[in-house]
Amino acid sequence: MAETDKALEELEDLFAAARSQRPGMPAPLNAAILADAAREQTGFRAARPERAVRQPLWRQLIEAIGGWPAMGGLAAASAAGLWIGIAPPSFVPDPVALAGYENTSTAFADDSYDMALMLSEDLQ
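Every chain is numbered independently, its residues counted from 1 as its sequence is written. At least 70 in pLDDT is required for a residue's local features to be given in this predicted model, at least 80 for side-chain atom pairs to be given and counted, and no such filter applies to totals for whole chains, interfaces and linings, which use all residues. For side-chain calculations, the full set of non-hydrogen atoms in the structure is used, while hydrogens and water are omitted.

The secondary structure listing takes helices from DSSP runs of H or I that are at least 4 residues long and strands from runs of E that are at least 2 residues long, numbered from the N terminus. Check the secondary structure of the protein chain and you find six helices and zero strands. Listed by position from the N terminus, the elements making up the protein chain come as α-α-α-α-α-α. Note on exposure labels: buried denotes an accessible area under 20% of the residue type's maximum, exposed denotes more than 50%, and partly exposed covers the range between, all computed with a 1.4 Å probe on protein chains only. Per-residue burial over the protein chain gives 2% buried out of 124 residues. Areas reported here follow the Shrake-Rupley algorithm with a probe of radius 1.4 Å; residue values treat only the protein chains shown as occluding. Entry remark: accessible area of the protein chain is about 11900 Å², with carbon and sulfur atoms responsible for 63%.

A cluster of nonpolar side chains, namely Leu8, Leu11, Leu14 and Phe15, defines an oily patch on the protein surface of about 420 Å² accessible area. Here Leu8 lies in helix α1 (residues 2-20). Residues with no salt bridge and a relative accessible area higher than 30% make up the patches, which join like charges within 9 Å and nonpolar side chains (Val, Leu, Ile, Met, Phe, Trp, Tyr) within 5 Å. By convention in these notes, a salt bridge is any Lys or Arg side-chain nitrogen within 4 Å of a carboxyl oxygen on Asp or Glu.

What the rule picks out here adds up to two salt bridges. Of the charged contacts in the structure, one is a salt bridge between Arg19 and Glu12, with a shortest N-O distance of 3.3 Å. Classification of Glu12 by relative accessible area gives partly exposed; the value is 43%. Arg39 is paired through a salt bridge with Asp36; the nearest N and O atoms lie 2.7 Å apart. Placement of the pair is Arg39 and Asp36 together in helix α2 (residues 27-41), with a separation of three residues, close to one helical turn. What makes Asp36 partly exposed here is its relative accessible area of 35%.

Below you can see the structure in the form of structure tokens.
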């Protein structure tokens, strides 16, 4: 048991010595890294703010909506709405009737009216 303690103490001394010495970088490696960094930095241009390119208003609007895919969906929905508005299906109520608009042909009790009769009523 004494031998293992002595071996552990020697090993601990070696680890302590290794911890106390800071490993250094070899001078040729350090010079090569700095030369490579200097060569790469010459390719960079000075950082300066670039002027923002102004886009036309219609392009800004398209980007605000969501781009061309969103514009395609908007165009399809508009076309479908126009189609349904012009020729509504039978199960959709007529929006003109909902607005309270009456056709002039339904204002008279009979469909056959005489212009003279109408004018005579206006004169009385």
